[in-house]
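Secondary and tertiary structure notes
So you can see what is in the structure, the chains are spelled out below.
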Amino acid sequence: MLINLTEVFNTSGKVLETKIKPESKVYSDGSSDYEIVGAEEIPLRFSFIEKGKALVSGRVRMALKASCDRCLKEVILPLDFDIDRECASPDFKAPDPDEDEEIHSIMEGYSIDTERLLHDDITINWPVKILCREDCKGLCPVCGKDLNEGDCGCDTFVPDPRMAAIFDKIMDSTKEV
Ligand SMILES: [Zn+2]
Ligand SMILES: [Zn+2]
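Only a predicted model underlies this, so the values are computations on that prediction, with no experimental measurement involved. (Residues numbered from 1 in each chain as written. Chains lettered and ligands numbered in written order. Predicted model: local features only at pLDDT ≥ 70, side-chain atom pairs only at ≥ 80, totals over all residues. Heavy atoms only, no water.)

**Structural notes on the overall build of the protein chain**
Quick reminder of the rule: Put simply, DSSP marks the helices as runs of H or I at least four residues long and the strands as runs of E at least two long, and each gets a number from the N terminus on. Between two residues, a contact is recorded if the distance between any of their heavy atoms is within 4.5 Å. Here the Shrake-Rupley method, with its probe set to 1.4 Å, supplies the accessible areas, and only the displayed protein chains count as covering residues. Neither His nor the chain ends is counted toward charge; the positive residues are Lys and Arg and the negative residues Asp and Glu. Where a charge sits is defined by one atom per residue type, namely NZ (Lys), CZ (Arg), CG (Asp) or CD (Glu).
Per the secondary structure count, the protein chain includes four helices and nine strands. Secondary structure of the protein chain in N-to-C order comes out as β-α-β-β-β-β-β-β-α-β-β-α-α. Principal-axis analysis of the C-alpha atoms gives the protein chain an extent of 85 × 40 × 20 Å. Counting contacts in the protein chain only where the partners sit at least 6 residues apart, residues at least 24 apart contribute 55% of the total. For the protein chain, the accessible area works out to roughly 11200 Å², and carbon and sulfur atoms hold 53% of it. Charge separation in the protein chain, taken as the distance between the mean sites of 22 positive and 37 negative side-chain charges, equals 4 Å.

**Overview of the pattern of salt bridges**
Spelled out, the test is: A pair is scored as a salt bridge if a Lys or Arg side-chain nitrogen falls within 4 Å of a carboxyl oxygen belonging to Asp or Glu.
For the structure shown, the criterion picks out 15 salt bridges. Taken together, the shared-partner salt bridges in this structure form one network comprising Lys53, Glu86 and Glu99.

**Quick notes on the coordination of the zinc ion (ligand 2)**
To keep things clear, this is the line we draw: Donor atoms (N, O, S) are those found within 2.8 Å of the metal centre, with the cutoff raised to 3.2 Å for Na, K and Ca; water is not part of the atom list, so apparent gaps in a site can occur. Here the term buried applies to any residue with accessible area under 20% of the maximum for its type, exposed to any over 50%, and partly exposed to those in between, with areas from a 1.4 Å probe on protein chains only.
All of the protein donors around the zinc ion (ligand 2) are Cys140 (SG), Cys143 (SG), Cys152 (SG) and Cys154 (SG); their distances to the metal are 2.3 Å. Spacing between the donor residues of the zinc ion (ligand 2) along their common chain follows C-x2-C-x8-C-x1-C. Of this pair, Cys140 sits in the loop between helix 3 (114–125) and helix 4 (161–176) while Cys154 sits in the loop between helix 3 and helix 4; the two residues are 14 residues apart in sequence, bridging distant segments of the chain. Among the residues examined, Cys140 registers a relative accessible area of 4% and is labelled buried. The class of Cys154 is partly exposed, set by a relative accessible area of 28%.

Encoded structure:
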């Protein structure tokens, strides 16, 4: 959805408030797609900072279908975060190139692209690890059994080649004595 912010960019003290619903049914991180299974309306507030520049704030609460990083079981991932960033009109130039890129990346001319804004902010707030539970035991690297359902009895000991070399040296030196 595009929301025109011309008035906010040009009027000191101007505030624009609206509510949006995510339009996309999935969030894609470039390699995987995550279905959005629930989303509350997102209140958005745009306020004048200086000529050509506005503050964007809001609160996102949604749930996505993901899978556990360890056992691959499906999990419903709740996201709850605040949006708090700046955006700018095409004629506004920030002195810092990174900042300039950030304030224009979610814009389409004088309008903010709320889908791009949402995608950006989900990416920033995406958890480092997704687990079905804190102590998920994951899958056995040998047979693939879900270790949360019990031990499989596989020998998962992998000898470290560097350690093996050290042991060989020790054995050799003891032989010489
Ligand atoms: Zn798990
Ligand atoms: Zn196993």
